[in-house]
Amino acid sequence: DAQLSKVFLYMQSGWPAVVGADLKPFFIRRHELSLEQGCIMWGMRVVVPSKHRLSILEELHAGHPGVVKMKGLARSHVWWPTIDKDIEGVTRACSGCLLMGNDPKLTPPVGVP
């Protein structure tokens, strides 16, 4: 991944004063990024290379949990600059998620035996 290769290099040798728009999300978080066994981490989250993002999105989407649960699960484990937008796109393109999102669970009436 060319983008993460640059980030990796900058983390080891020092960040320049100015970076391109593609690296800005990483530059903003540069003090929070770390390297663990060759992986770039943001806090406890793994920064996912672009070639693995689709498979991660598929894993997060298993069971059609919806946008909120997918984002919550993702925020516990992984990160990349457009993750929120990508999750929203997956659920928007899924007919199963669209059907379930418009069909809220019925709640029994309160106080009725």
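This one's a predicted model, so the numbers in the text were calculated from it and none came from an experiment. (Residues numbered from 1 in each chain as written. Predicted model: local features only at pLDDT ≥ 70, side-chain atom pairs only at ≥ 80, totals over all residues. Heavy atoms only, no water.)

Q: Hey, could you run me through helix H5 (residues 83-93) in this one?
A: Structurally, the α-helix is built with 3.6 residues per turn, so residues lying three or four positions apart point the same way. For H5, the full list of buried residues reads Ile-83, Ile-87 and Thr-91. For H5, the arc enclosing every buried residue in end-on projection is 70°, short of the 170-degree limit, so these residues lie on one face. Structural note: H5 exposes Lys-85, Arg-92 and Ala-93 on the side pointing more than 90 degrees away from its buried face. (Buried < 20%, exposed > 50% of the residue type's maximum accessible area, 1.4 Å probe, protein only. Helix = DSSP H or I, 4+ residues; strand = E, 2+ residues; numbered from the N terminus. Arc of directions from axis to C-beta.)

Q: When you look at helix H1 (residues 2-13) in this model, what are you seeing that I'm missing?
A: The first and last C-alpha atoms of H1 sit 16 Å apart over twelve residues, in line with the 16 Å expected at 1.5 Å per residue. Residues of H1 that are buried make contact with helix H2 (24-28), strand S1 (33-36), strand S2 (39-42), strand S3 (45-47) and helix H3 (50-61). N-cap assignment for H1: the residue whose side-chain oxygen lies 3.2 Å from the backbone N of Gln-3 is Asp-1. Taken from the residues just after H1, Gly-14 is the one with a positive phi, measuring 110°. (Expected span 1.5 Å × (residues − 1). Contact = heavy atoms within 4.5 Å. Polar contact = N/O pair within 3.5 Å; in protein donor to acceptor, adjacent residues only side chain to side chain.)

Q: I keep staring at the side chain of Thr-91 and nothing clicks. Help me out?
A: Secondary-structure assignment places Thr-91 in helix H5. Of the residues examined, Thr-91 reaches a relative accessible area of 6% and is grouped as buried. Look past the residues within four positions of Thr-91 in its chain and what remains in contact with it is His-61, Gly-66, Val-67, Met-70, Cys-97 and Leu-98.

Q: Sorry if this is basic, but what is going on with the nonpolar core here?
A: Within soluble globular proteins, side chains that are nonpolar tend to cluster in buried spots. Counting 20 residues, the largest nonpolar core has Val-7, Phe-26, Leu-33, Val-47, Ile-83 and Ile-87 as the members making the most contacts within it. For this core, the elements supplying multiple residues, two or more each, are H1, H2, S2, H3, helix H4 (67-77), strand S4 (78-79) and H5. Apart from residues no more than four positions distant in its own chain, Ile-87 is found in contact with Leu-57, Leu-60, Val-67, Met-70, Lys-71 and Ala-74. (Core = buried A, V, L, I, M, F, W, Y, C linked by side-chain atoms within 4.5 Å.)

Q: Would you mind showing me how to read unusual backbone geometry here?
A: Among all residues except glycine, the phi angle is most often negative; among peptide bonds, the trans geometry is most common. Of note in the backbone geometry, Gln-37 takes a positive phi value of approximately 50° without being a glycine. Its place among the elements puts Gln-37 in the loop between S1 and S2. Note on Gln-37: relative accessible area 84%, which makes it exposed. A positive phi angle, near 50°, is found at His-64, a position not held by glycine. Take His-64: it is sitting in the loop between H3 and H4.

Q: Help me understand the pairing of S1 in this model?
A: Consecutive residues of a regular strand have side chains that alternate between opposite faces of the sheet. By the bridge criterion, four bridges tie S1 to S2 in an arrangement that is antiparallel. In the sheet register, Leu-35 faces S2, and the bridge partner there is Ile-40. (Pairing = 2+ DSSP bridges.)

Q: When you look at the pairing of S2 in this model, what are you seeing that I'm missing?
A: Connecting the antiparallel pair S1 and S2 is a turn made up of two residues, with Gln-37 showing a positive phi of about 50°. Looking at chain direction, S2 and S3 are connected through two bridges and run antiparallel. Residue pairing for S3: Trp-42 is matched across the bridge by Arg-45. Where S2 folds back on S3, the antiparallel hairpin that results is connected by two residues, among which Gly-43 adopts a positive phi of roughly 65°.

Q: I keep staring at the pattern of salt bridges and nothing clicks. Help me out?
A: For side chains of opposite charge, pairing can occur when their charged atoms come near one another. What the rule picks out here adds up to two salt bridges. Glu-88 is the partner of Lys-71 in a salt bridge, and the nearest nitrogen-oxygen pair spans 2.5 Å. Separated by 17 residues along the polypeptide, Lys-71 in helix H4 and Glu-88 in helix H5 bring together distant segments of the chain. Among the residues examined, Lys-71 registers a relative accessible area of 14% and is labelled buried. Take Glu-88: its relative accessible area is 29%, and that puts it in the partly exposed class. Residue Arg-75 is joined to Asp-84 by a salt bridge in which the shortest nitrogen-to-oxygen separation is 3.1 Å. You can call Arg-75 partly exposed: its relative accessible area is 42%. Taking relative accessible area as the criterion, Asp-84 reaches 30% and is therefore assigned partly exposed. (Salt bridge = Lys/Arg side-chain N within 4 Å of Asp/Glu carboxyl O.)

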